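Architecture at a glance
Listed below, chain by chain, are the residues.
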Amino acid sequence: MSTDALDSDPELDTLYADFEANHLNPLWTQLGDLMPMVPTSKAVPFVWRWSTLYPLAQRAGDLVPVGRGGERRAIALANPGLGGVPYVTPTLWAAIQYLGPKETAPEHRHSQNAFRFVVEGEGVWTVVNGDPVAMCRGDFLLTPGWNFHGHHNETDQPMAWIDGLDIPFVNYTDTGFFEFGADGVTDDSTPDISRSERLWAHPGLRPLVGLDAKTSSPIACYRWKHTDAALAEQLALEDEGFAATVEPGHAAVRYTNPTTGGDVMPTIRAEFHRIRAGSHTRSRRDVGSLVFQVFDGKGRITLGDQEHSVATGDMIVVPSWTTWSVDTDDGIDLFAFSDAPIVERLHFNRTHFPEHA
Ligand code: GTQ
Ligand code: FE2
């Protein structure tokens, strides 16, 4: 049926008006928007510079107190395509969080799953269910849903880090709960290693008190020395002629839940990629959205048909089905997180490798 021939039919106009009056909406006038041929995100590819993010967080630190009610001095990356909502993609939240000298962000818990990644600085402990966890450069920390957590800065220096959460997904699905906890933190001690790590973070060794499969990883913090060593060894093995890298000059690891071997949390995947000087990644696009933070080094990331030079701290969003690749003259370390666990669990995952490059 062609709809064009019916365009100036007054009876049809009345039908559409009656649809509207009765809260009905026809498929045929909007099929392309409702069911596009390929994922067509409203989110756009975009880069936030650390040199922009950090000074703005610092100014917030000077002007805005942190405490009960507002809860966190966190400033969300708002994707320019999403109409001003504080979402980096339709499913993911990314923010820079800043805590001044001796400041405390009070305890609370929520359904939303959260992680922290530290690109520079130290001196903050995040207390997760009463377990103080030191935050240091290169560390990847978890706060899975419904765990009480608060943050406190023990030092005379401010500290900033990035947060990733599934806030947009939880809002879209109306699945979120939230509770306030202690006004301070329940344990203000400052151990180098958390109890969670002492129990769980020994390679390939599982405590017999924890043989049940857990929804989220029980490892509160994945320390930089382990991530760095894993990547360095992949590249060293490649040099020695052994198959260890995902592609030439590209070492990569995924953070996993040791009780399942799967992703660290039900909604968020996290990985770390190291690309050797003079190497590049193969162009690809995937269903689901992806965010990078440059941890070290510099390079270029191509997003669709646009190339961006990026350096330490910069954050990059790759919306669903956007072709991307990275190349570097000097070598680059990239932290990455995505909504892949949601996409894969629902069997919507697809990957496409465009020919060329
Ligand atoms: O640190 O608990 O960026 O609850 C957003 C929500 C951080 C946090 C965010 C949060 C937190
Ligand atoms: Fe929180």
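So, here is what we can say about the structure in this document. Fair warning: this is a prediction, and the values are worked out from it, not measured in the lab.

**Structural notes on the coordination of the iron ion (ligand 2)**
Distances from the iron ion (ligand 2) to its protein donors, His108 (NE2), His110 (NE2) and His149 (NE2), fall at 2.1 Å. Spacing between the donor residues of the iron ion (ligand 2) along their common chain follows H-x1-H-x38-H. Residue His108 is located in strand β4 (residues 104-110), and its partner His149 is located in strand β9 (residues 149-153); the two are separated by 41 residues in the primary sequence.

**Examining the nonpolar core**
Formed by 38 residues in total, the largest nonpolar core has its most connected members in Phe115, Phe117, Phe140, Tyr255, Phe272 and Phe335. Of the residues forming this core, the biggest block, four residues, is contributed by helix α3 (residues 50-63). Once residues lying within four places of it in the same chain are set aside, the contact partners of Phe335 are Phe115, Phe117, Phe140, Ile162, Tyr255, Ala270, Glu271, Phe272, Val291, Phe292 and Gln293. Counting residues in hydrophobic clusters, the runner-up holds 15 residues, among them Ile275, Ile316, Val318 and Leu334.

**Some remarks on the sheet that holds strand β7 (residues 131-135)**
Taken together, five strands build an open sheet; the order of strands is β7-β6-β9-β4-β11 and the sheet is antiparallel. Both edges of this open sheet fall to β7 and β11 (178-180), since each of them pairs with a single strand only. Across this sheet, the average inter-strand angle for adjacent strands is 25 degrees, counted without regard to direction. The pairing of strand β6 (residues 124-128) with β9 spans five bridges and is classified as antiparallel. What sits directly across from Val128, in β9, is His149.

**With respect to a nonpolar patch on the surface**
Nonpolar side chains collect at one region of the surface, where Leu27, Leu31, Leu34 and Met35 lie side by side and expose about 390 Å² of accessible area between them. Structurally, Leu31 is set in helix α2 (residues 31-34).

What counts, and where the lines are drawn
- Residues numbered from 1 in each chain as written.
- Chains lettered and ligands numbered in written order.
- Predicted model: local features only at pLDDT ≥ 70, side-chain atom pairs only at ≥ 80, totals over all residues.
- Heavy atoms only, no water.
- Donors = N, O, S within 2.8 Å, 3.2 Å for Na, K, Ca; no water.
- Helix = DSSP H or I, 4+ residues; strand = E, 2+ residues; numbered from the N terminus.
- Core = buried A, V, L, I, M, F, W, Y, C linked by side-chain atoms within 4.5 Å.
- Buried < 20%, exposed > 50% of the residue type's maximum accessible area, 1.4 Å probe, protein only.
- Contact = heavy atoms within 4.5 Å.
- Pairing = 2+ DSSP bridges.
- Axes fitted to C-alpha atoms, helices over the stretch in contact; angles between N-to-C directions.
- Patch = residues over 30% accessible without salt bridge, like charges linked within 9 Å, V, L, I, M, F, W, Y side chains within 5 Å.
- Areas by Shrake-Rupley, 256 points an atom, 1.4 Å probe, with all protein chains shown as cover.
- Salt bridge = Lys/Arg side-chain N within 4 Å of Asp/Glu carboxyl O.

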